[in-house]
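# Notes for the structure review
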Amino acid sequence: DPSGTFIQLRVSLVQTACRKRGPQRHNCRTVENRRKPTCLACYKFDGGDVPKVLDKYQNCGPSHHLAVKEIKQRDEAECRAVEEAGKSMDTLYLPGMYAFSKGLPA
C-alpha cells in the first residue's frame with residue numbers, strides 16, 4: 001500500500017497464579033473464573049525509511065461483558081479509520097507529486 005503499512009493485532013489474555021514481581025516462570029497455572037480481556041491494537045505506519053506512526057488505536061475490554069458486540073463493532077470501525085490514515089491525497093503532498101512545464105508558443 002503506497003500510503004503505508006497497516007498492522008492489526010488481537011490478543012486474548014488470561015490471569016495466572018504467578019506473582020508479578022517474582023521470577024519469570026513459563027509454567028504458570030491459569031486462574032479459572034477470572035478476567036479474560038481481549039485486546040485489539042491497530043497501527044498505521046508511513047512508508048519512510050524510519051517509519052512514523054500515522055495513526056493508532058488500542059483497546060482492551062472484558063470478553064464476558066454484555067456489550068461485547070457493540071465494543072467489537074466500535075473496534076472494527078476505529079481500526080478501519082486507522083487503516084485509511086494517509087490515503088487521502090487532499091491532506092498529503094509529496095515533493096515531485098505534481099510536475100508543470102512551460103508550453104511553447106503556438
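None of the values given here were measured: they were computed from a predicted structure.

Here is what the cut-offs are and how they apply
- Residues numbered from 1 in each chain as written.
- Predicted model: local features only at pLDDT ≥ 70, side-chain atom pairs only at ≥ 80, totals over all residues.
- Heavy atoms only, no water.
- Disulfide = S-S within 2.5 Å.
- Helix = DSSP H or I, 4+ residues; strand = E, 2+ residues; numbered from the N terminus.
- Buried < 20%, exposed > 50% of the residue type's maximum accessible area, 1.4 Å probe, protein only.
- Expected span 1.5 Å × (residues − 1).
- Arc of directions from axis to C-beta.

### Thoughts on the state of the cysteines
Scanning the model with the defined rule gives three disulfides in all. At a sulfur-sulfur separation of 1.8 Å, the disulfide partner of Cys-18 is Cys-28. On the sign convention where negative means left-handed, the S-S torsion of about -110° between Cys-18 and Cys-28 marks this disulfide as left-handed. Here Cys-28 lies in the loop between strand S1 (5-12) and strand S2 (37-45) and Cys-18 lies in the loop between S1 and S2, a separation of ten residues in the sequence. Look at Cys-28 and you get partly exposed, because its relative accessible area is 26%. Here the cysteine-cysteine linkages of the chain are recorded as 1-2, 3-5, 4-6, numbering only bonded cysteines and doing so in sequence order.

### Concerning helix H1 (residues 68-83)
For H1, built from 16 residues, the straight-helix expectation of 22 Å at 1.5 Å per residue is met to within 8% by its first-to-last C-alpha distance of 22 Å. Buried residues of H1: Asp-75, Cys-79 and Val-82, and no others. The buried residues of H1 occupy an angular sector of 55° when the element is viewed end-on, so they sit on one face. Across H1 from its buried face, at more than 90 degrees, point the exposed residues Lys-69 and Arg-80.

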